[in-house]
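Take a look at the letters that make up each chain.
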Amino acid sequence: LEPLDYYYSTISTLSSLVDSTMKEELQVKFYYPLIRFIKRPSFEDCELLDLYYRKEQPYLLFTRIGEEENNQVLRRIYQSEIDTISAGQLESLFRTAVYETRYQKMEPGMNFIGVDGTTYFYKIPGAAGKIWSPQKESVMWDLTEITSEIIEWVKKEEPIFFDESLVARIEKLKEDLVQKP
């Protein structure tokens, strides 16, 4: 991930919009999300994944996705409970990813300017990072793939528990993120 100045960025604007909409649509007062993921394709609506904690209930994940139906883009909110251990794994993955942000080195002939693709934002309280269209089979690709899988689980609106294979993938990815040059 590359560092992101949160207060002067797209994620700040999107987050403000999402926070107010979530409170309105769900009619529930939440604490600030422990993590936030935004997938922002160039020509489509964004996807969102938040992890919240409420004292009276387990962790909850919400995602708001633009889905096309009858030539209209609908925004839907899905929610799933997640057990405390799985929530801790997910939060730890995001913290590791964001804490390991660094600017990419410009190699001769490289060009980071693009208009088509997807930008992925990862945010924890006080810090954020982003990656634009990561290369397949890279560490950043693995990070976006795990996050996308979790979004798909949330869309089923069933309780979420990470199995041993996902926990192993997350732990390996955290190691890879720390070792990434």
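Everything discussed here concerns the structure shown above.
Calculation rules
- Residues numbered from 1 in each chain as written.
- Predicted model: local features only at pLDDT ≥ 70, side-chain atom pairs only at ≥ 80, totals over all residues.
- Heavy atoms only, no water.
- Phe/Tyr/Trp six-rings, centres within 6.5 Å; stacked < 30°, edge-to-face > 60°.
- Helix = DSSP H or I, 4+ residues; strand = E, 2+ residues; numbered from the N terminus.
- Buried < 20%, exposed > 50% of the residue type's maximum accessible area, 1.4 Å probe, protein only.
- Axes fitted to C-alpha atoms, helices over the stretch in contact; angles between N-to-C directions.
- Parallel < 35°, antiparallel > 145°, perpendicular 65-115°, else oblique.
- Left-handed = near helix turned anticlockwise from the far one by under 90°.
- Contact = heavy atoms within 4.5 Å.
- Nonpolar A, V, L, I, M, F, W, Y, C, P; charged D, E, K, R; others polar.
- Expected span 1.5 Å × (residues − 1).
- Salt bridge = Lys/Arg side-chain N within 4 Å of Asp/Glu carboxyl O.

(A) Local environment of the packing of aromatic side chains. For the structure on display, the rule yields four aromatic pairs. Residues Phe-37 and Tyr-120 carry aromatic rings whose centres are separated by 6.2 Å and whose planes lie at 25 degrees to one another, so their mutual orientation is stacked. Pair noted here: Phe-37 is in strand 2 (residues 35–41) and Tyr-120 is in strand 6 (residues 118–124), with a separation of 83 residues, a long-range link. Judged by relative accessible area, Phe-37 falls into the buried class, the value being 0%. These aromatic residues form a ring-pair network of at least three members: Phe-37, Phe-94, Tyr-120 and Tyr-122.

(B) Main features of the packing of helix 2 (residues 84–99) against helix 3 (residues 139–155). At a minimum axis distance of 12 Å, the contact between helix 2 and helix 3 shows a crossing angle of 150 degrees. By the angle class used here, helix 2 and helix 3 are roughly antiparallel. The chirality of how helix 2 crosses helix 3 is left-handed. Every residue of helix 3 that contacts helix 2 at Leu-90, Leu-93, Phe-94 and Ala-97 is listed here: Leu-143, Ile-146, Thr-147 and Ile-150. Residues of the contact of helix 2 with helix 3, tallied by class, amount to seven nonpolar, one polar and no charged.

(C) Spotlight on helix 3. Helix length check: helix 3 (17 residues) gives 25 Å between terminal C-alpha atoms against 24 Å at 1.5 Å per residue, within 8%. Positive backbone phi, at 55 degrees, marks Glu-157, one or two positions downstream of helix 3.

(D) Representation of the pattern of salt bridges. Taken as a whole, this structure holds six salt bridges when the rule is applied. Linking Arg-36 and Asp-50 is a salt bridge whose minimum nitrogen-to-oxygen distance equals 2.6 Å. Of this pair, Arg-36 sits in strand 2 while Asp-50 is found in strand 3 (residues 47–54), placing the two residues 14 residues apart along the sequence. Exposure remark for Asp-50: the relative accessible area of 0% places this residue in the buried category. The salt bridge involving Lys-172 is made with Asp-176; its shortest N-O contact spans 2.9 Å. Taken together, the positions of Lys-172 and Asp-176, both in helix 4 (residues 164–179) and four residues apart, correspond to about one turn of that helix.

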